[in-house]
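Below, each chain spelled out in residue letters.
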Amino acid sequence: MSDTPVEESLFQIIHCFHHYAAREGDLETLSLEELKALLMDNVPRFMEKLGRNEPYYISELFRAADKNKDNQICFEEFLYILGKLVKDYHLQYHRQLCAHYCAQHNLY
């Protein structure tokens, strides 16, 4: 039996994390530069649509996720970052649906 699309996506997230973590230092954590590269290489349209591709945003996201303040992002902290991005994108998706509905029904 082959993996479902969601299972494949989860595997890709794990693989991506470790691929970028291996670039420098600790193989189990991301530095700020590794995180920037991971996000801009792998989700550039996602970041752009959210208006989140500014360097300061990624730095702030890094600081918020770095719960133990070791200047590294472990996998659990990385999941916090992904969750925040997905949540923001989900909200934008709903805003677009609402705008589309309102435009269709002359509510603006």
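Each value, and the rule that gives it
- Residues numbered from 1 in each chain as written.
- Predicted model: local features only at pLDDT ≥ 70, side-chain atom pairs only at ≥ 80, totals over all residues.
- Heavy atoms only, no water.
- Helix = DSSP H or I, 4+ residues; strand = E, 2+ residues; numbered from the N terminus.
- Core = buried A, V, L, I, M, F, W, Y, C linked by side-chain atoms within 4.5 Å.
- Buried < 20%, exposed > 50% of the residue type's maximum accessible area, 1.4 Å probe, protein only.
- Salt bridge = Lys/Arg side-chain N within 4 Å of Asp/Glu carboxyl O.
- Contact = heavy atoms within 4.5 Å.
- Disulfide = S-S within 2.5 Å.

**With respect to unusual backbone geometry**
The phi angle at Lys69 is positive, at roughly 55 degrees, despite the residue not being glycine. Take Lys69: it is sitting in the loop between helix H4 (55–65) and strand S2 (73–74).

**Structural notes on the nonpolar core**
Here is a general trend for soluble globular proteins: nonpolar side chains tend to be buried in one another's company. One finds Leu30, Leu35, Leu39 and Leu85 to be the most contacted residues of the largest nonpolar core, which totals 20 residues. Ranked by residue count, the leading element in this core is H4, at five residues.

**A word on the pattern of salt bridges**
Under the definition given, this model contains four salt bridges. The residue Glu33 makes a salt bridge to Lys36 at a minimum N-O spacing of 3.7 Å. With a gap of three residues between them, Glu33 and Lys36 both fall in helix H2 (residues 32–42), about one helical turn apart. You can call Glu33 partly exposed: its relative accessible area is 48%. Across the pair Arg63 and Glu60 runs a salt bridge whose closest N-O atoms are separated by 2.7 Å. Taken together, the residues span about one helical turn, with Arg63 and Glu60 both in helix H4 at a distance of three residues. The partly exposed category is assigned to Arg63, whose relative accessible area is 46%.

**Some details on the side chain of Gln92**
Tracing the backbone shows Gln92 in helix H5 (residues 75–104). We classify Gln92 as buried; its relative accessible area is 16%. With residues near it in sequence (within four places) discarded, Gln92 still touches Lys49 and Leu50.

**Quick notes on the state of the cysteines**
Under the counting rule described, the total for this entry stands at zero disulfides. A disulfide-free cysteine, Cys16 has its sulfur positioned 16 Å from the sulfur of Cys74, the nearest such atom. Classification of Cys16 as buried rests on a relative accessible area of 14%. Cys74 gets classed as partly exposed once you look at its relative accessible area, which sits at 27%.

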